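Each chain, letter by letter, is given below.
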Amino acid sequence: MTIPAHIAIIMDGNGRWAKARGLPRVAGHRAGVEALRRTVRAVADMGIAWLTLYAFSSENWSRPKSEVSDLMGLLKIYIRRDLADLHRSGVRVRVIGDRDGLSPDIRALLAEAETLTAGNTSLNLVIAFNYGGRNEIARAARRLAQAAREGSINPDDICEETFGHFLDTVDMPDPDIVIRTSGEMRLSNFLPWQSAYSELIFMPCYWPDFGRADLDEALKIFASRERRFGGVTAHGVAS
Ligand code: IPE
Ligand code: IPE
Ligand code: MG
């Protein structure tokens, strides 16, 4: 079976999971953190090198203040509680998204997680936090324009590869698979540049219910897909 190098997940459906149980939305987010823990372990066990998780979008600020603060609080608790364990298991943590929009204590925690685990080589765990693809592309364009103004880059030399160097995902492989739970079939501004040729897999379960069986199913679906990258089908090659 073809094992992907990079799985990206849009962890969606926490609110509906809670609602179905008559619980407040925050209970869904808490259960979502448990699913995140399970998934990190499962992906690491499978020997997959990269896992990117969409945890908070640049559009999620439009939620009620109390929910935003619950989500910020859960990120802090997750890093404080799990960082040592992640480090012990050789996980390298990396964060993508707009740091400037985050509070100083969260910025410090994210930097601590990245610095502590910088030398690790088992699983690369990428957390997309205050991430939006259009925001990422606009920030990259701004820095590219600054570099051109300073003369360190010639506008005539700008190509897809140079542009990629200015994105948050520099040095990361593109995701082979983008999974979204909860039945919604959209990307919601998640990795629009990087997912140009990703296999999209939409799964009906709510994120807090996601487990190893769902991951296995996604991998099976991926293995059955034929990736062509604009070329001809593997079965139809004439030569
Ligand atoms: C995903 O679950 C978690 C975040 C977006 C942070 P939701 O909170 O979007 O749950 P639903 O979509 O309302 O069910
Ligand atoms: C996408 O989910 C963001 C995350 C999972 C962090 P949303 O629930 O915010 O997306 P929409 O609003 O349904 O498109
Ligand atoms: Mg949602």
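Going by the structure above, here's the rest.
Criteria and cut-off values
- Residues numbered from 1 in each chain as written.
- Chains lettered and ligands numbered in written order.
- Predicted model: local features only at pLDDT ≥ 70, side-chain atom pairs only at ≥ 80, totals over all residues.
- Heavy atoms only, no water.
- Pairing = 2+ DSSP bridges.
- Helix = DSSP H or I, 4+ residues; strand = E, 2+ residues; numbered from the N terminus.
- Axes fitted to C-alpha atoms, helices over the stretch in contact; angles between N-to-C directions.
- Near = heavy atom within 4 Å.
- Polar contact = N/O pair within 3.5 Å; in protein donor to acceptor, adjacent residues only side chain to side chain.
- Areas by Shrake-Rupley, 256 points an atom, 1.4 Å probe, with all protein chains shown as cover.
- Salt bridge = Lys/Arg side-chain N within 4 Å of Asp/Glu carboxyl O.
- Buried < 20%, exposed > 50% of the residue type's maximum accessible area, 1.4 Å probe, protein only.
- Phe/Tyr/Trp six-rings, centres within 6.5 Å; stacked < 30°, edge-to-face > 60°.

Think of a sheet as strands paired side by side through backbone hydrogen bonds, with each pair either parallel or antiparallel. Read across the sheet, six strands follow the order 3-4-2-1-5-6 without closing on themselves; strand pairing throughout is parallel. The two strands at the open ends of the sheet, each matched to only one other strand, are strand 3 (92-96) and strand 6 (199-202). Each adjacent strand pair in this sheet contributes to an overall mean axis angle of 20 degrees, direction not counted. Note that strand 3 and strand 4 (residues 124-131) share five bridges and pair parallel. Each bridged residue has a counterpart across the sheet, and for R94 the counterpart in strand 4 is V126.

Okay, the site of ligand 2 next. Ligand 2 sits among I10, M11, D12, Y54, A55, F56, N60, R63, R180, R186 and S188. Between ligand 2 and the protein, one listed contact pairs an oxygen atom with a side-chain N or O atom of R180 at 3.2 Å. Here an oxygen atom of ligand 2 and a side-chain polar atom of S188 are 2.6 Å apart. Protein coverage of the free-state accessible area of ligand 2, which is 390 Å², stands at 78%. Element by element, the count of residues in the shell around ligand 2 is highest for strand 2 (residues 50-57), at three residues.

Next up on the list: the pattern of salt bridges. Within this structure, the stated rule accounts for 17 salt bridges. In this structure, the salt-bridge partner of K76 is D105, at a minimum N-O distance of 2.8 Å. Remark: D105 occurs in helix 4 (residues 104-117) and K76 occurs in helix 3 (residues 65-88); sequence separation between them is 29 residues. Judged by its relative accessible area of 22%, K76 is partly exposed. The shortest N-O distance in the salt bridge between D85 and R88 comes to 2.5 Å. Within this pair, D85 and its partner R88 are both found in helix 3, separated by three residues, close to a single helical turn. The class of D85 is partly exposed, set by a relative accessible area of 43%. In the salt-bridge network here, residues are joined through shared partners; they are D12, R16, R180, E184 and R186.

Our focus in this paragraph is the packing of aromatic side chains. Remark: the centre distance and the inter-plane angle together describe each pair of aromatic rings, the angle taken between the planes. Under the counting rule described, the total for this entry stands at eight aromatic pairs. When the ring of Y197 is compared with that of F229, the centres are 5.5 Å apart and the planes differ by 45 degrees; the resulting orientation is tilted. Here Y197 is found in the loop between strand 5 (177-180) and strand 6, whereas its partner F229 is found in the segment after helix 7 (212-224), with 32 residues between them in sequence. Judged by centre distance (5.0 Å) and plane angle (20 degrees), the rings of W207 and F210 are stacked. Taken individually, W207 and F210 each receive the classification buried, so the pair is uniform in this respect. Ring pairing ties together the aromatic residues Y54, Y131 and F190, which thus form one cluster.

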